[in-house]
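Structural overview
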Amino acid sequence: MTASGAAGGLIRLLAASAHSGKVLLALGILGGILLPPAARALHGLVPVAVVGLSTLVLLRVDIPATLAQLRRPGRLVAVLAFQMLACPVLAWVVVRALPLDPGIADAVVLFATGAAIVSAPAYARLLELDAELSLLGALAGTLLVPFTAPPIAWALTGVDLAIGMEAFAARLAAVVGLPLLLSVLLRWLAGAARLEALGPALDGLTVWLLVAFGVGVMDGVGARLLAEPAWVLEATLAACAASSGLNLATTAALLPLGARAAATAGMLSGFRSMALYLAVLPAAADPRVALFFGLYQIPLYLGPLALAPAYRVFLRLNDGRRA
């Protein structure tokens, strides 16, 4: 086979992977639990996957359409206010009423203070939501989280997140700065027309990087499952309930913004990044909080497969409010 033929075959394979993305994500996270050697092997590649994912997200987003979102700043402010301020309080009220393990209860509230995952636009495309609004929401939330999360977390749980600006700047450079430079360079080298033609293949590559990331971050979870199955089950169910519950609450509260915008905001509330928190959790914090953040990857990866039908029905029933 010639080099051009092999390249064409790889592009077709990646494009096909994009169409099966929701299934591949679900299989990937389960593989991380059931295949500990694979999780251990990929754990060291997690930082590389993060940079690659952020770069692909920026390559695939429609920049003019993203900037056009800023003409309606009130919508973005409403999304961020509910996600970053209302959701933690809502989570705190709910967990206080439930007989949860204290570590799980604190972790749910801390989860609700986090910013959306930077790969949110890739999830938005999988779920046929607004990729441009999700990018702005994820980036703005990431910028806000050092200022909103620590005081809210301390007030509601007594956990001192203490997100130092040095650690935050390093995280921001890894997930935004370097990927932004790489995406600008790749846009210049490839050109808009070629990037458009390669769009499905780039989406497929995003899916495989998400799979690699999901497998890698589950390193150690399989062993913990064998050691404490009851606690892991409780934490996993709590993570699934927190993710879907905040998704539903945000979508319902922001429905006046339009069905598609509300559903996108719900996705941002349900799919959050915990990586920065893992780096700044104090030594005195319950160690199971960090384990909960790892288990949260389960609803994050199963969510697209489980929620896609619900999103389709929701958007179809609210077709007159698609703004």
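One structure accompanies this document, and this report is about it. (Residues numbered from 1 in each chain as written. Predicted model: local features only at pLDDT ≥ 70, side-chain atom pairs only at ≥ 80, totals over all residues. Heavy atoms only, no water.)

**Focus on the overall build of the protein**
- Of regular secondary structure, the protein possesses 18 helices and zero strands.
- Relative to the compact-globule value of 20 Å for 323 residues, the protein shows a C-alpha radius of gyration of 19 Å, a close match.
- Along the first, second and third principal axes, the C-alpha set of the protein runs to 60 × 45 × 40 Å.
- Buried residues in the protein amount to 51% of all 323 residues. (Helix = DSSP H or I, 4+ residues; strand = E, 2+ residues; numbered from the N terminus. Rg over C-alpha atoms; globule rule 2.2 N^0.38 Å. Buried < 20%, exposed > 50% of the residue type's maximum accessible area, 1.4 Å probe, protein only.)

**Focus: helix 12 (residues 199–217)**
- Taking 1.5 Å of rise per residue, the 19 residues of helix 12 would be expected to cover 27 Å, and the 27 Å separating its terminal C-alpha atoms lies within 8% of that figure.
- The buried fraction of helix 12 amounts to 14 of the 19 residues, a majority that puts the element mostly inside the structure. (Expected span 1.5 Å × (residues − 1).)

**With respect to the pattern of salt bridges**
- Taken as a whole, this structure holds three salt bridges when the rule is applied.
- Across the pair Asp203 and Arg60 runs a salt bridge whose closest N-O atoms are separated by 2.8 Å. In this pair, Asp203 is assigned in helix 12 and Arg60 in helix 4 (residues 46–60), connecting sequence segments 143 residues apart. The exposure classification of Asp203 matches that of Arg60, with both residues buried. (Salt bridge = Lys/Arg side-chain N within 4 Å of Asp/Glu carboxyl O.)

**Some details on helix 9 (residues 131–157)**
- Helix length check: helix 9 (27 residues) gives 33 Å between terminal C-alpha atoms against 39 Å at 1.5 Å per residue, more than 12% under.
- Within helix 9, 20 of the 27 residues are buried, which leaves it mostly tucked inside the rest of the structure.
- Where helix 9 begins, the capping side chain belongs to Asp130, and its oxygen is found 3.1 Å from the backbone nitrogen of Glu132.
- With its phi angle positive at about 80°, Gly158 sits one or two positions after the end of helix 9. (Polar contact = N/O pair within 3.5 Å; in protein donor to acceptor, adjacent residues only side chain to side chain.)

**Section: the packing of aromatic side chains**
- On inspection of all chains with the given rule, the structure shows three aromatic pairs.
- On the numbers, 4.7 Å between centres and 55° between planes, the contact of Phe111 with Tyr296 is tilted. One end of the pair, Phe111, is in helix 7 (residues 102–112); the other, Tyr296, is in the loop between helix 17 (287–295) and helix 18 (297–317), with 185 residues separating them in the sequence. Both residues of the pair, Phe111 and Tyr296, count as buried.
- When the centroid spacing of 6.3 Å and the interplanar angle of 70° are considered together, the rings of Phe292 and Phe293 count as edge-to-face.
- Of the residues examined, Phe292 reaches a relative accessible area of 1% and is grouped as buried.
- Looking at Phe293, the relative accessible area reads 1%, which means it is buried. (Phe/Tyr/Trp six-rings, centres within 6.5 Å; stacked < 30°, edge-to-face > 60°.)

**Details of the environment of Met84**
- Relative to the elements of secondary structure, Met84 occurs in helix 6 (residues 73–96).
- With 185 residues separating them along the chain, Met84 and Ser269 place their C-alpha atoms 8.4 Å apart.
- When sequence neighbours within four positions are dropped, the list of residues in contact with Met84 reads Thr113, Gly114, Ala115, Gly141, Val145, Thr148 and Ile152. (Contact = heavy atoms within 4.5 Å.)

**With respect to the nonpolar core**
- In this structure, Tyr123, Met267 and Phe292 are the most contacted members of the largest nonpolar core, which totals 82 residues.
- The dominant element in this core, judged by the number of residues it contributes, is helix 7, at eight residues.
- Other than its neighbours up to four places away in sequence, Tyr123 contacts Leu25, Ile117, Leu210, Met267, Phe271, Leu300, Tyr301 and Pro304.
- If you look at the next biggest cluster of nonpolar residues, it comprises six residues, including Leu80, Leu136, Ala140 and Ala261. (Core = buried A, V, L, I, M, F, W, Y, C linked by side-chain atoms within 4.5 Å.)

**Examining the environment of Ala223**
- Along the chain, the position of Ala223 falls in helix 13 (residues 221–227).
- You can call Ala223 exposed: its relative accessible area is 52%.
- Ala223 sits 187 residues away from Pro36 along the chain, and the two C-alpha atoms are 8.1 Å apart.

**Comments concerning a nonpolar patch on the surface**
- A contiguous nonpolar surface patch, about 600 Å² in accessible area, is contributed by Leu178, Leu182, Leu185, Leu186, Trp188 and Leu189.
- Within the secondary structure, Leu186 sits in helix 10 (residues 165–190).
- A relative accessible area of 37% means that Leu186 is categorised as partly exposed. (Patch = residues over 30% accessible without salt bridge, like charges linked within 9 Å, V, L, I, M, F, W, Y side chains within 5 Å. Areas by Shrake-Rupley, 256 points an atom, 1.4 Å probe, with all protein chains shown as cover.)

**A short note on the state of the cysteines**
- Enumeration according to the criterion identifies zero disulfides in this entry.
- With no disulfide of its own, Cys87 has Cys240 as its nearest cysteine by sulfur position, at a separation of 17 Å.
- By relative accessible area, Cys240 is classed as partly exposed at 27%. (Disulfide = S-S within 2.5 Å.)

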